[in-house]
Amino acid sequence: GDNKVKIFHSDVIYRLIEDYQKWVGDKKKRLEEEILEKVTRPGSVKVLTGYVFRQKNPAVFGVEVLKGIVKPGYRLKKGDKIIGEVKEIQSKGHNLQEAKAGEKVALSMQDVTFGKDIKEGDLLENFLSQSDLEKLEKIRHKLSGEEKELLEKLE
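Worth saying up front: this structure is predicted, and the values here are computed from it rather than measured. Every residue gets a number counted from 1 within its own chain, in the order that chain's sequence is written. Per-residue local features of the predicted model are confined to residues with pLDDT of at least 70, and side-chain atom pairs are confined, for both listing and counting, to 80 or more; whole-chain, interface and lining totals are unaffected and use all residues. Note that water and hydrogens are dropped before the side-chain values are worked out from all heavy atoms of the structure.

Visitor: Residues and numbers for the side chain of Asp 122, please.
Guide: For helices the rule is a DSSP run of H or I covering at least 4 residues; for strands it is a run of E covering at least 2, with both sets numbered from the N terminus onward. The residue Asp 122 is located in the loop between β7 (104-109) and β8 (123-126) in this model. A relative accessible area of 14% places Asp 122 in the buried class. Here a residue-residue contact requires only that any non-hydrogen atoms of the pair lie within 4.5 Å. Not counting residues within four places of it along the chain, the set of residues in contact with Asp 122 comprises Val 45, Lys 46, Val 47, Lys 78 and Asp 117. Buried residues are those whose accessible area, probed at 1.4 Å on protein chains only, stays under 20% of the maximum for their type, while exposed residues exceed 50% and partly exposed ones sit between those limits.

Visitor: Break down the packing of aromatic side chains for me, with residues and values.
Guide: Any two of the Phe, Tyr and Trp rings considered here, Trp counted by its six-membered ring, make a pair once their centres fall within 6.5 Å; the pair's planes then place it as stacked at under 30 degrees, edge-to-face at over 60, or tilted in between. Following the criterion strictly, the structure yields three aromatic pairs and no others. Taking the centre distance of 6.1 Å and the plane angle of 40° together, the rings of Tyr 20 and Trp 23 count as tilted. Note that Tyr 20 and Trp 23 are positioned in helix α1 (residues 13-38) at a spacing of three residues, about one turn of the helix. The partly exposed category is assigned to Tyr 20, whose relative accessible area is 44%. For Trp 23, a relative accessible area of 29% gives the class partly exposed.

Visitor: For helix α2 (residues 130-138), give the residues involved together with the corresponding values.
Guide: All of the buried residues in α2 are Asp 132, Leu 133 and Leu 136. For α2, the arc enclosing every buried residue in end-on projection is 100°, short of the 170-degree limit, so these residues lie on one face. In α2, the exposed residues that point more than 90 degrees away from the buried face are Gln 130 and Lys 138. Among the structural elements, α3 (145-154) are those in contact with the buried residues of α2. Note that the arc is defined by the directions from the helix axis to the C-beta atoms.

Visitor: Just give me the short version of the nonpolar core, but keep the residues and values in it.
Guide: Core analysis: the largest hydrophobic core is formed by 19 residues, its most contacted members being Phe 61, Leu 107 and Ile 118. Put simply, the parts of the chain that give this core at least two residues each are β1 (43-54), β2 (59-70), β4 (81-91) and β7. Among the elements that line this core, the one with the most residues is β2, at five residues. The contacts of Leu 107, once residues within four sequence positions are left out, are Ala 59, Val 60, Phe 61, Val 63, Leu 76, Val 86, Glu 88 and Ile 89. Ranked by size, the runner-up nonpolar core spans eight residues in total, among them Leu 36, Val 39, Leu 136 and Ile 139. The nonpolar core is taken to be a set of buried Ala, Val, Leu, Ile, Met, Phe, Trp, Tyr and Cys residues, with the residues joined through side-chain atoms within 4.5 Å.

Visitor: Mind laying out the pairing of β4, listing which residues take part and the relevant values?
Guide: Across four bridges, strand β3 (residues 75-78) lies against β4 in antiparallel orientation. By the bridge assignment, Lys 78 is partnered in β4 with Lys 81. Two strands pair under a simple rule: DSSP has to find at least two bridges between them. In sequence, β3 turns back onto β4 through a hairpin of two residues, with Gly 79 there showing a positive phi of about 65°. Summarising the sheet, β4 and β7 pair through four bridges and their orientation is antiparallel. Paired with Gln 90 across the bridge in β7 is Ala 106. Where β4 hands over to strand β5 (residues 94-95), the hairpin turn is made up of two residues, of which Lys 92 adopts a positive phi near 50°.

Listed below in structure tokens is the structure:
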């Protein structure tokens, strides 16, 4: 846990208060960054036509990220139905940690069959759990305009 004791030392009391406030601010920033790393952020992708590389085990297909961000581990939904989890994101043969709006990438998804669960032209969105929504609310100021828009649509 975080039970290391921070000792503030200064001869001038206001300097001590400033140091403390800076420390609290930094800690808040660190916590926000941590939430941002772990939480599923809003995003939507469009399945591209003509870019099905594999139908299943895993399904590998091309998408364009329309809004927000997509990362491995994110679950995607079509309408209200959860389709499955993004296993990997690739571009030009490289694995990516994330894909942002405007980028065209290949997604691989394990328990998905292309043509049955997903079709060309489909619009998919990141599935956000109640807990994701609550966390995002706390760090709303850290999100992009597009992410905020998607979030408002969900609320």
